Amino acid sequence: MWPLLLPLYFLRISSACEFTPSSSQETGIVCRVTKPAALVLNEKTSEVIQAAFKHASFPNITGEKSVNILGKVTYGLTNIQVSNLSIENSEVELKEDDAVEIMIKNVSASFSGTLNYGYSTWFVKVEQAVDFEIFSSTDLQVNTKLTCGNNRVAADTSDCYLTFHKLLLHLHGNKQPSWFKQIFTDFISFTLKLVLKSQICKEINYVANLLADFIQDKAENFLSNGDIGVNIDVTSFPVIKENYMESYHKGFLAYKNLPVSYNASTFSPSLLTSNRMLYFWFSEQVLDSLVLAYFLDHHLELNLTRAELKDILQDDKSESHQEILQEILEEQSTDHTAAKVWSLTAPRIKITPRGTVVTSSVAVQIKTCSSAELYFETETVTHMQASYTDKKLMLHPSDPLVYITNMRSSLSVSLNKEQMIQFLQTVVSEFGIPAVVKRLEPALTTLMNSKGLKLFEIINPEIIPYEGYLVVQLDFGFPHHLLVDFLKKTL
């Protein structure tokens, strides 16, 4: 089942979804998982299947059979448990517009329990209980169809087959003659095969749903921060192609019942390739609404001590700025707040091939030790490129445009208004924006790591901006930590 263990692939069996013709226009996030990713995720399919076998509870098997000489024979197999499970290998194929075919080869297992049987003839009556062990070898094929349920991607695993190569019944004690064992083997084995198939396939479905809830919790948690979340309901049925699987999600902001509507989606399958293992497509509207939520939740505010302010401005060596810098950075105590920075309105996000354009309106208040104050408001437009290297998010600002829109000052410096505006534009563009980025990088990295991103083996990730959307593409190693966490919860 691990080819289905994918970020944003939530496997849940439930009621069907209904889509209107305009539903696909609401798509804000797309996840594409390619064939190479499915092969990597299939590496540990055996461990999930083992969990399904071991977790299965088998019902008692009862029946009766008329046998020559012995008459009517009744029997019951109780306390059935599985052990000594091994799997030779597993394979996965993507069947276009059909299913994910998972073939598990040579599943060997032992089933043990108690056999109760009885028969009666004119000369003898027998009621007996004896321990038994069943040695089996089978191939397992699961054709998983991707559909929709409860507004999530769902998996229908009902197309499930077991092909038995071996089913041997061994009665402990060796008190029964070989012909007696053969009789039981012949008329129990057929019923036993049906029960095993039913319970194992049922358990695979059950484990798939456990996996669904587990992955859904992980994905929703990754996309949330406090009251801020993202609605990842599907907007259309997922698709399976020869080289990839793909699902489509709203990506709507979920924040304190704030109504958010998007313009028509610009996604089309041709925007993504199948060269990398995993792709995420994000509409700029998703990122823009997230920034809105962070603004409304008062995350876009910053307090600086005198020492922090000095650290930001110490590289300004311009002689014309020294007078104002000296007054602003005059030290008495470096521990108290010297400056406040906050967004006046929610920053706006626009994605272009040159990078993400961030337009913001910011207010800055600086107080000197002598209680003089400098207050100004600025409009900034900055291009931002992003990368993810060594498990750290890196932001690369460029081409900042800074406009001072309002200013008042009670400083004693002799600069006129024009000189002051020039000073502020230089400070914001050369020192202020890099200082904000310097604080954003570790903050965002810490947030993502708190969601478990650092535990993934991410290979050569790329964050590529286009006109109106962003693509994240990467390769990865098998997520062992997710398998361990899942098996702990399952077993």
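Preceding block: the structure.
These numbers were taken from a predicted model, which means no experiment stands behind them. (Residues numbered from 1 in each chain as written. Predicted model: local features only at pLDDT ≥ 70, side-chain atom pairs only at ≥ 80, totals over all residues. Heavy atoms only, no water.)

(A) The packing of helix α5 (residues 306-313) against helix α7 (residues 417-450), seen in detail. Following both chains from N to C, one finds α5 and α7 inclined at 120°, their axes separated by 9 Å at the closest point. Relative to α7, the element α5 is oriented oblique. The element α5 and its partner α7 pack so that their crossing is right-handed. Facing Glu308, Asp311, Ile312 and Leu313 of α5, the residues of α7 in contact are Val427, Phe431, Ala435, Lys438 and Arg439. (Axes fitted to C-alpha atoms, helices over the stretch in contact; angles between N-to-C directions. Helix = DSSP H or I, 4+ residues; strand = E, 2+ residues; numbered from the N terminus. Parallel < 35°, antiparallel > 145°, perpendicular 65-115°, else oblique. Left-handed = near helix turned anticlockwise from the far one by under 90°. Contact = heavy atoms within 4.5 Å.)

(B) Summary view of the packing of aromatic side chains. Applying the stated criterion across every chain, the model contains 9 aromatic pairs. Taking the centre distance of 6.3 Å and the plane angle of 35° together, the rings of Phe280 and Phe282 count as tilted. The pair formed by Phe280 and Phe282 is uniform in burial state, with each residue classed as buried. Ring centres of Trp342 and Tyr375 lie 6.3 Å apart, and the angle between their planes is 40°; on these two criteria the pair is classed as tilted. Within this pair, whereas Trp342 is found in strand β13 (residues 337-343), its partner Tyr375 is found in strand β16 (residues 373-389), the two being separated by 33 residues in sequence. The class for Trp342 is partly exposed, based on a relative accessible area of 26%. Among the aromatic residues, ring-to-ring pairing joins Tyr248, Phe267, Trp281, Tyr466 and Tyr469 into one connected group. Here Arg408 stacks its cationic end above the ring of Tyr375, 4.2 Å away from the centre of that ring. (Phe/Tyr/Trp six-rings, centres within 6.5 Å; stacked < 30°, edge-to-face > 60°. Buried < 20%, exposed > 50% of the residue type's maximum accessible area, 1.4 Å probe, protein only. Lys NZ or Arg CZ within 6 Å of the ring centre and 35° of its normal.)

(C) Expanded view of a nonpolar patch on the surface. On the surface, a nonpolar cluster with roughly 200 Å² of combined accessible area is contributed by Val436, Leu440 and Leu444. Looking at where Leu440 falls in the secondary structure, it is placed in helix α7. Classification of Leu440 as partly exposed rests on a relative accessible area of 35%. (Patch = residues over 30% accessible without salt bridge, like charges linked within 9 Å, V, L, I, M, F, W, Y side chains within 5 Å. Areas by Shrake-Rupley, 256 points an atom, 1.4 Å probe, with all protein chains shown as cover. Salt bridge = Lys/Arg side-chain N within 4 Å of Asp/Glu carboxyl O.)

(D) Quick peek at the sheet that holds strand β4 (residues 99-120). Ordered by their spatial adjacency, 5 strands build an open sheet running β2-β3-β4-β5-β6, and the pairing between neighbours is antiparallel. Every other strand in the sheet has two partners, leaving β2 (61-67) and β6 (152-171) as the edge strands with one partner each. Taking each pair of neighbouring strands and ignoring which way they run, the sheet shows an average axis angle of 30°. Examined bridge by bridge, β2 and strand β3 (residues 71-95) share 7 bridges and lie antiparallel to one another. Counterpart to Glu64 in the pairing with β3 is Thr74. (Pairing = 2+ DSSP bridges.)

Shape descriptors only; they carry no functional weight alone.
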